[in-house]
Amino acid sequence: MSELAKAYEPQAVEAKWYAAWLDGKCFEADPSSAKEAYSIVIPPPNVTGILHLGHVLNNALQDILARRARQEGKEVLWLPGTDHAGIATQAKVERELREQEGKTRRDLGRDEFLKRVWDFKNKHGDIIIKQLKRLGCSCDWSRERFTMDEAYTKWVSHVFVELFKEGLIYRGKRIVNWCPVSLTALSDEEVIMTPQRSKLYFMKYELADAPGEYLEISTTRPETLMGDVAVAVNPKDPRFSKYIGRMVKRPFPHAEIPVIADDHVDIEFGTGALKITPAHDKADFEIGIRHHLEIIDVLTPDGHVNCPDCPDLHGLDRFIARKKAAAKLEEMGLLIKVEEYENNVGFSERAHVPIEPRISMQWFLKYPCVKEAADAVANGDIQFRPERWAKTYAHWMENLQDWCISRQLWWGHQIPVWYHKEKLDALKNAESLDMSDFEKGEIHVGLEAPADSENWVRDEDVMDTWFSSWLWPFATMSDLGEDSATLKKFHPTSDLVTGPDIIFFWVARMIMAGFRFAGELPFKNVFFTSIIRDLQGRKMSKSLGNSPDPIDLMEKYGADGLRFGLLRIAPVGSDLRFDEVSVEEGRNFANKIYNACRFRQMAGTELVELGDLANYPPYHIDIMAKLDELAANLKGSYAEYRFGEIAQLLYDFLWNEFCGKFLEAVKLDLRETATVEARNATLGTFDAVMARFLQLLSPYMPHIAEELSQRMSYVKEGEFVMTKALPATPLVGFDATEARSRAEAIYESAARLRNLKIEYNVATRKDVRFVVKAAASWLAPETKVLALLCGAGQIDIDASYDAPKGTPVSLTPVGEIYLPMEGLIDVEAERIRISKEIEKIKIEVKKCEGKLGNASFIDRAPPEVVEQEKARLADWNAKLVQLGEMLAALA
């Protein structure tokens, strides 16, 4: 063994071993291997992003799965990569451009702007990759992919072309979710519905054919009034039947608009009459289509009023215009009242501002392979963990809306569609484009530009970032048209670890894409991670200041400490409440393991092999059997993806069983007076158990497991514990029931005797003597160990012992054990101390009884408070009984 330093320094150790693993190509997958394949693809983080705790949890789980699979003898591919993050990355570059040069992307032009984005990506794009390496992620970095790689881009364009030719992709003018900050369309999944305290405005429109008679309507958006083209009522609502078909006057700009009947109108909402603005509301748009209504857009793309006929509103921000429009209605005597109103408002996931429903020409996709994707989860071919997410998935699959796949950005995969210059204006303004236009030769859809490219103009839009990442499992493993050995070996992947918040964005879409373009499901298991919250239940957020930097945590506690601390508190199927104390405990656990190995080296640095276990003491057999049991339990927990449980099992074994019991029980074997046989049995047991424990620990705390395995000579020269196969046979190959029973009896008896010493105020005395009566037949050789564990100077076995009346006694698994008090305490002083304690407790009992006897307290206090008070009374009474017995024993 090589000597361990006095203190464990995780930063130096972690850097050393990660570099060694890379040099040893420990993470690289071999597609030609005959081993069983295990594969997992990383959910690609934003290329310009930085590590947060969600990344730590997700990637630590993936790393655990990959490292465990290597130990099981599988050929492992953990494929890494990053996502180009269209909106987020372009926004960062545009902001930098605006702040540093006072320019916009259009000042630069598309080619120069994209050059700037690539420069930005090359400068910042490896930050998160370096941070993942700092965490210890064992990805095959030789296969790192980027969604804007040339080869990957060909896949994205190919998929667009194929789906277009199948008639699943089309262009049309629809109402979409529009981000007035990013200036692009968003899919429904990119819109976060957020509870808001809004206002509901009640106003009235005058009937054109009956001056002085009004129809009352309600709205949350008076700023779009200029785009009103009708007022709608429910045909079943008798209050409004007389108005249907008549005209009302729109206040500004003045116009007469019809009152129409539509079943969509909610009779219970507001007044029951709604103003219809097809350009700025999805439901209104549908009503407008059904009734052939005009569409009037009164907002600019960046959310300002566009209505020159209302100069006092024209050019105002939408929210300022809302207040101004309400004030204007009030001035005209048309505003009836304003009420507070709680509703859900859609916010842009990226820009964090309310989206605008907006009429826009966009590309849409009708999803392929919907039935196959739905059935794969429903029949268990793909298993969701926790299972409840399968219902969420099924509901979404049953209610699919066409996917808006175009984005008004420059950074991303440009739509592979070209328009003939002679038809350009007509095509750009066409209500829809589909395969029929392609067949006419008016548009070109393909991987390359037309041969006479000078006569064609390419569509300026790019595809939604998710349109590239839905191909991730197979497009990362093969180039387009390639007969890929990697794809054959490792697809479909074994596991996917991701967050439930992207079950629609990514998981469902990958399943559909897998069936359509790879001919099979993309993965077999999906594990949904917990959402990390702070101790108050709030989501982690920079603005709240409750999201610690993982790099700072790793500098303070080590990567292993962060991994283990986070995983140990990770529940299955519910949110994770983060507390930095858990990471500190992870660091302390690493120190505990390290110090246990230093303790071992103090007894010698030569590795000791196990001898004949038949002659080993029960404590040795017990700890080896417990290690075997741990290995079996971990196997079951891995199968159920119970990662928090695995961490706790590892922790309990090392801290409680190995250090708390075994190492305490064998200290006599390491003294100079011990026999060589006893010493070797203990050291051999330590080495055998610790070597296997470090293997089991390795997926969770890979760096310290490697450091100690190497320093303690538990692996051969040139071998890594991270790639060493798990043992095929247990340490104890026989029935260890009797040995384990004896060891447990000693440990339990020692605990009871320590409690007895505490009760009688002699906890610190090491010269106490215990007498065992009715002792177990096998106890005699173990009395020295029992004395050591309970802190006694002597333990005698005396079947005829006649204990003086009142001698403290404990009934233990090894017999009745008495604690003779002669010479240990000042009896009179102890009687006084106990008597005072009894008086104090009687006061507490009286308080509890007073509360519980008070009918007012019982009636008014919450039930849990009443139960708590009852429990307190029971505890005090039990303590009284115990102290009374102690006092009687001293009589």
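The notes below deal with the structure included here. (Residues numbered from 1 in each chain as written. Predicted model: local features only at pLDDT ≥ 70, side-chain atom pairs only at ≥ 80, totals over all residues. Heavy atoms only, no water.)

### Regarding the overall build of the protein chain
Within the protein chain, the secondary structure is distributed over 29 helices and 30 strands. Over its C-alpha trace the protein chain gives a radius of gyration of 37 Å, far above what one expects of a compact globule, namely 29 Å for 891 residues. For the C-alpha atoms alone, the extent of the protein chain along its principal axes is close to 115 × 80 × 55 Å. Expressed as a percentage of its 891 residues, the buried residues of the protein chain come to 52%. Nonlocal contacts in the protein chain, meaning residues at least 24 apart in sequence, comprise 79% of its contacts between residues at least 6 apart. Both charge centroids of the protein chain, one from 112 positive and one from 137 negative side chains, sit 3 Å from each other. (Helix = DSSP H or I, 4+ residues; strand = E, 2+ residues; numbered from the N terminus. Rg over C-alpha atoms; globule rule 2.2 N^0.38 Å. Buried < 20%, exposed > 50% of the residue type's maximum accessible area, 1.4 Å probe, protein only. Contact = heavy atoms within 4.5 Å. Lys, Arg positive; Asp, Glu negative; His and termini not counted. Charge placed at Lys NZ, Arg CZ, Asp CG, Glu CD.)

### A short note on the sheet that holds strand β18 (residues 417–420)
A sheet is described by the order of its strands in space; here 3 strands give the open sequence β20-β18-β21, paired in antiparallel fashion. Each of the sheet's edge strands pairs with one partner strand only, and the pair in question is β20 (443–445) and β21 (456–458). For this sheet the average axis-to-axis angle between neighbouring strands, irrespective of direction, equals 30°. Relative to β20, β18 runs antiparallel, the two being bridged by 3 bridges. If you follow Tyr419 over to β20, its bridge partner there is Ile443. (Pairing = 2+ DSSP bridges. Axes fitted to C-alpha atoms, helices over the stretch in contact; angles between N-to-C directions.)

### Things to note about the nonpolar core
Core analysis: the largest hydrophobic core is formed by 205 residues, its most contacted members being Phe160, Phe467, Phe658, Met690, Phe693 and Tyr700. Take this core: its biggest share by element is 12 residues, from helix α22 (residues 643–665). (Core = buried A, V, L, I, M, F, W, Y, C linked by side-chain atoms within 4.5 Å.)

### Comments concerning the packing of helix α6 (residues 127–135) against helix α18 (residues 550–557)
Where α6 contacts α18, the axes come no closer than 11 Å and their chain directions differ by 30°. As summarised for this structure, α6 and α18 are arranged roughly parallel, according to the angle between their axes. Where α6 crosses over α18, the handedness of that crossing is left-handed. When α6 is examined against α18, the residues Gln131, Arg134 and Leu135 are found in contact with a partner set consisting of Ile551, Met554 and Glu555. Residues belonging to the contact of α6 with α18 are distributed by class as follows: 3 nonpolar, 1 polar and 2 charged. (Parallel < 35°, antiparallel > 145°, perpendicular 65-115°, else oblique. Left-handed = near helix turned anticlockwise from the far one by under 90°. Nonpolar A, V, L, I, M, F, W, Y, C, P; charged D, E, K, R; others polar.)

### Focus on the sheet that holds strand β28 (residues 794–797)
With respect to topology, 4 strands assemble into an open sheet ordered β28-β27-β30-β29, the strand pairing being mixed. What marks the edges here is a single partner per strand, and that holds for β28 and β29 (809–812). Each adjacent strand pair in this sheet contributes to an overall mean axis angle of 25°, direction not counted. Relative to strand β30 (residues 815–818), β29 runs antiparallel, the two sharing 4 bridges. Its bridge partner lying in β30, Ser810 is registered against Ile817. Relative to β29, helix α25 (residues 737–759) is tilted by about 165°, and along the sheet it contacts β27 (769–773), β29 and β30. Against the sheet, helix α26 (residues 783–790) touches β27, β28 and β30, its axis set at about 140° to β28.

### Here we look at the packing of aromatic side chains
Think of a pair of aromatic rings as described by two things: how far the centres are apart, and how the planes are tilted against each other in angle. By the definition in use, this model includes 40 aromatic pairs. Considering the side-chain rings of Tyr152 and Trp472, the 5.7 Å spacing of their centres and the 55° angle between planes classify their relative orientation as tilted. With Tyr152 in helix α7 (residues 150–165) and Trp472 in helix α15 (residues 472–475), the pair connects residues that are 320 residues apart, well separated along the chain. Each of the two residues, Tyr152 as well as Trp472, counts as buried. Taken together, the ring pairs in this structure connect Phe160, Phe164, Trp363, Tyr367, Trp396, Trp403, Phe438, Phe467, Trp470 and Phe504 into an aromatic cluster. Positioned above the aromatic ring of Phe146, the side-chain terminus of Lys121 is 4.6 Å from the ring centre. Lying across the ring of Phe202, Lys337 places its NZ or CZ 4.6 Å from the centre. (Phe/Tyr/Trp six-rings, centres within 6.5 Å; stacked < 30°, edge-to-face > 60°. Lys NZ or Arg CZ within 6 Å of the ring centre and 35° of its normal.)

### Structural notes on α25
For α25, with 23 residues, the first-to-last C-alpha span of 33 Å sits near the 33 Å given by 1.5 Å per residue. Buried residues along α25 sit against α21 (618–639), α22, β27, α26, β29 and β30. Two residues or fewer after α25 comes Asn761, characterised by a positive phi angle close to 65°. (Expected span 1.5 Å × (residues − 1).)

### A closer look at the side chain of Thr465
Checked against the element boundaries, Thr465 lands in helix α14 (residues 465–469). In this structure Thr465 comes out as buried when scored by relative accessible area, which is 15%. For Thr465, the side chain forms a polar contact with the main-chain nitrogen of Gly86, separated by 3.0 Å. Non-local contacts of Thr465, meaning those with residues more than four positions away in its chain, are made with Asp83, His84, Ala85 and Gly86. (Polar contact = N/O pair within 3.5 Å; in protein donor to acceptor, adjacent residues only side chain to side chain.)

### Here we look at the pattern of salt bridges
A full pass over the atoms with the stated rule returns 67 salt bridges. Glu555 is the salt-bridge partner of Arg134, the closest N and O atoms lying 3.6 Å from each other. Within this pair, whereas Arg134 is found in helix α6, its partner Glu555 is found in helix α18, the two being separated by 421 residues in sequence. When the shortest N-O distance is used, the salt bridge between Glu585 and Arg568 registers 3.1 Å. Placement of the pair is Glu585 in helix α20 (residues 580–602) and Arg568 in helix α19 (residues 559–568), with a sequence separation of 17 residues. (Salt bridge = Lys/Arg side-chain N within 4 Å of Asp/Glu carboxyl O.)

### Details of the environment of Ser530
Along the chain, Ser530 falls in the loop between β24 (523–528) and β25 (532–533). Sequence spacing of Ser530 and Gly109 is 421 residues, and the spatial spacing of their C-alpha atoms is 43 Å. Each residue touching Ser530, except ones within four places of it in the same chain, is listed here: Leu57, Pro571, Ser574, Asp575 and Leu576. A distance of 3.1 Å separates the side chain of Ser530 from the backbone oxygen of Pro571, its partner in a polar contact. From its side chain, Ser530 meets the backbone oxygen of Ser574 in a polar contact 2.9 Å long.

### Some points on the side chain of Glu190
Within the secondary structure, Glu190 is located in the loop between β6 (184–186) and β7 (191–207). Among the polar contacts listed, one links the side chain of Glu190 to the backbone nitrogen of Ser187, at a separation of 2.8 Å. Filtering out sequence-adjacent residues up to four positions away, Glu190 remains in contact with Ile87, Phe347, Ser348, Glu349, Arg407, Asp464, Trp466 and Phe505.

### Notes on the pairing of β18
Residues Val417 and Tyr419 of β18 are buried on one face, and the alternating residues Trp418 and His420, pointing to the opposite face, are buried as well. Of the strand pairs in this sheet, β18 and β21 are connected by 3 bridges, and their pairing is antiparallel. The partner of His420 across the bridge, within β21, is Trp456.

### Let's talk about unusual backbone geometry
With the exception of glycine, the majority of residues adopt a negative phi angle, and the majority of peptide bonds are in the trans configuration. With an omega of -20°, the peptide bond between Phe252 and Pro253 qualifies as cis. Of note, Pro253 is situated in the loop between β10 (247–250) and β11 (255–261). Between His491 and Pro492 the backbone carries a cis peptide bond, its omega angle lying at 0°. Mapped onto the secondary structure, Pro492 falls in the loop between α16 (485–490) and β23 (493–498). Located in the positive-phi region is His292, a residue other than glycine, with phi close to 55°. Within the secondary structure, His292 is located in the loop between α8 (282–291) and α9 (318–331). Its relative accessible area of 73% is what places His292 among the exposed residues. Phi angles above zero are rare outside glycine, and Asn761 is one such case at about 65°. Within the fold, Asn761 resides in the loop between α25 and β27. Assessed through its relative accessible area of 48%, Asn761 is described here as partly exposed.

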